[in-house]
Amino acid sequence: MYFDALTLTAVADELRETLVGGRVQRVLLVGPLSIGLEVYARGRRHQLIASADPQHARVNLVQARLTRGVDHDSPLLLLLRKYVLGGVVRAVEQPALERIIVLSIVKRPESRNRNAPPTDADAEQREQFDAPLPTDEAAAEDAELLEALHNRPAAPDLLHCDLIIEPQDRRSNIILVDDNNLILDSIKRVTPRMSSRVILPRHVYEVPPPQEKRDPRQATAAGIEALCAEKTGDLAKGLVATYAGVSPQAAREIVFRALGRPAARCDEPLPFYTVAARLRELYTDPPAPSVAGDPTAPTAFAPYQLTHLPAATPQPGISAALEQFYRAREAVSGHSQRRGAIQQQFNAARTRLSRRRDQIAGELAKAQELETLRWEGEMIFAFLHEVRPGQASLTVEERTISLDPRRNAVDQAQERFKAYDKAKSAIAGLPERLTTADAQLAGLDELASMLELADSYDQIEQIAFEAEELGYLREHPDPTTARRKRRAPKVRPLHLVSSAGFDIYIGRSARQNEEVTFRIGRPDDLWVHVRTIHGAHVIVRSGGREIPEPTLAEAAGLAAYFSQARNEAAVDVDICRRALVRKVPNGPPGLVTYRAERTLRIAPQAPTISITERHG
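Residues numbered from 1 in each chain as written. Predicted model: local features only at pLDDT ≥ 70, side-chain atom pairs only at ≥ 80, totals over all residues. Heavy atoms only, no water.

A. Molecular detail of the overall build of the protein chain. On a plain count of helices and strands, the protein chain comes out with 16 helices and 23 strands. A total of 616 residues make up the protein chain; the buried ones form 49% of that total. (Helix = DSSP H or I, 4+ residues; strand = E, 2+ residues; numbered from the N terminus. Buried < 20%, exposed > 50% of the residue type's maximum accessible area, 1.4 Å probe, protein only.)

B. Fine view of the environment of A311. Position of A311 among the secondary structure elements: in the loop between β11 (297–302) and β12 (312–314). With 21 residues separating them in the primary sequence, A311 and S290 have C-alpha atoms 10.0 Å apart. Other than its neighbours up to four places away in sequence, A311 contacts V291, A292 and G293. (Contact = heavy atoms within 4.5 Å.)

C. Molecular detail of the packing of aromatic side chains. Counted by the stated rule, this structure contains seven aromatic pairs. Judged by centre distance (6.0 Å) and plane angle (10 degrees), the ring pair of F381 and F417 falls under stacked. One end of the pair, F381, is in helix α10 (residues 336–382); the other, F417, is in helix α11 (residues 409–426), and 36 residues separate them in sequence. Overall, the relative accessible area of 24% leaves F417 in the partly exposed class. Both rings, one in Y561 and one in F562, keep their centres 5.0 Å apart while their planes meet at 90 degrees; by these two values the pair is edge-to-face. A residue is classified by how much of its surface remains accessible, and Y561, at 22% relative accessible area, is partly exposed. Overall, the relative accessible area of 7% leaves F562 in the buried class. Chaining the aromatic ring pairs together yields one cluster made of F3, F301, F325 and Y326. (Phe/Tyr/Trp six-rings, centres within 6.5 Å; stacked < 30°, edge-to-face > 60°.)

D. Quick peek at the side chain of S290. Following the sequence through the fold, S290 ends up in strand β10 (residues 290–294). When its relative accessible area of 0% is taken as the criterion, S290 is described as buried. One polar contact links the side chain of S290 to the main-chain amide nitrogen of L306, over a distance of 3.1 Å. Beyond its immediate sequence surroundings of up to four residues, S290 is in contact with A300, F301, A302, Y304, Q305, L306, T313, P314, Q315 and A321. (Polar contact = N/O pair within 3.5 Å; in protein donor to acceptor, adjacent residues only side chain to side chain.)

E. Structural detail: the nonpolar core. If you look at the biggest cluster of nonpolar residues, it comprises 45 residues, and the most contacted ones within it are V11, L37, V59, V84, I101 and L176. Those residues in contact with V11 that sit more than four places away from it in its chain are F3, V59, I101, I318 and L322. If you look at the next biggest cluster of nonpolar residues, it comprises 31 residues, including L227, Y243, I254 and A300. (Core = buried A, V, L, I, M, F, W, Y, C linked by side-chain atoms within 4.5 Å.)

F. Layout of the state of the cysteines. Considering all chains together, one arrives at zero disulfides under this definition. Unpaired in terms of disulfides, C266 finds its nearest cysteine sulfur in C228, a separation of 4.3 Å. (Disulfide = S-S within 2.5 Å.)

G. Expanded view of the packing of helix α5 (residues 221–230) against helix α6 (residues 235–242). At a closest axis distance of 10 Å, the pairing of α5 and α6 adopts a crossing angle of 110 degrees. For the element pair α5 / α6, the angle class is roughly perpendicular. Touching I224, L227 and C228 of α5 are L235, G238, L239 and T242, all from α6. (Axes fitted to C-alpha atoms, helices over the stretch in contact; angles between N-to-C directions. Parallel < 35°, antiparallel > 145°, perpendicular 65-115°, else oblique.)

H. Quick peek at the sheet that holds β10. The strand order across the open sheet built from three strands is β11-β10-β12, with neighbouring strands paired in antiparallel fashion. In this open sheet, the two strands that pair with only one neighbour each are β11 and β12. Averaged over all pairs of adjacent strands, the angle between strand axes in this sheet comes to 30 degrees, irrespective of strand direction. Across three bridges, the pairing between β10 and β12 is antiparallel. Bridging from a neighbouring strand, A292 pairs with A312 of β12. (Pairing = 2+ DSSP bridges.)

Read these as spatial facts, not as claims about activity.
See the structure below:
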């Protein structure tokens, strides 16, 4: 899907209407290649996301408050805090027909403490701090700053910078440039070996070279006719190759509007004037954003009404269209890079633990051979009177004992006893070690299943932290965080309220499962878990009341949903009193045994409007 120049033009117009004159309240890294800004303007907060991800490159406003998606502070983020946080957006610019948007920001060198987030050594808390809205006095000062800047553009007592966003697929980047047009830093650094257009700190920022193409806003019938004389094959491809800022989707839309079909050849008879008129209209008419396809999983977006695609629905703004389109994709692949890195480590850890477990099991199997050594030694002594010099074997109880005919039978018996005593001490504790290895594998499998179900960055980090704490992961994959002691993310068990008003607690990691069952749960509460499958521990707080069957069904459906069986049609779910649940001795967190359970067969059920989430 192309985030083309026409889309970016609509975004730029929207940002001018909403952000210019506003103050940047928060800056954060939403993902490894994405940043977020919260800008207070015109009496409300606006959330801006910009991504340089090759698959999701874009810039747009979103409704939900942005959250941190990276566990460490990058050099770019530190510079954004210095130059952008607390600054005022003075302008939003876009070079004509280019996929480049520039946010010009001005800031006083001295921070106004009454309006800025509190100074705190903990950067994570500072990012999550809900900054107070600017007072009327602060808003007036911001207006004075912009007016003074208008009268004195080169004010030396102010910090000027440009935040340049280039949503250009695999070449996408986010670049911070100072007032001297020198690059401060970028979300992707581009070296001379990688490209002739270098993007490195202290280098001069250069706009990508313009394409030698025609302006679609000045398209004429003669120009379309000349195009068809030069090109052969598909007309839409000819429009993309000839006119600047025209994406394949826009070209198909133009052809459809002109001919009533999305495909045509350059060598067929064509209404050149109509094609040129539709091309000009697409690039000069006011935006009319739309998305095509299923509203829950749109297949395309555009800043114009998509007529060549089925089921296209209008949207209130281009950001609304973009948010709907990318939300569906990121819900599937959200934090996939971080999740995938942890999963790879889990796989390596499982291989390591399985190898160790097999080694212990192999050593334990040798215990049977040791018993054979002891028995053979005893039998040789017991039947010593039957052993003749040079005898090669002794048969006892239909079992044959091999003998060395060149050696004394007594020496051979004593040798067997010595080997038995030596090996017996070596295998002491093997059964306990095998039990521990099995428990470790079960605990790792539980964490791996929870990782698959995690739907937020903090949940993923919670699981990674627990895995490190339990020794499954040797070190954090991010070298920045590996050098300092990490703290567990502050993620609480999910707290829901059933349709009948009963509190339901759901663990979404091993430690949370332990917390839900043994700290939150009371002896008379009900404990719910999917039978023989890794998943969430669920507690239904009774409060001394009888829990009705509909609430049990809701809790069982939630336990099935937050388990490995989420996509099954129906699942067996066990329910018992919390007092009948016991920790596995010396086992990892979250592994339990239970008894006197009843079983419900029920379909997985996601939280609905009748089962509400409670915070705090």
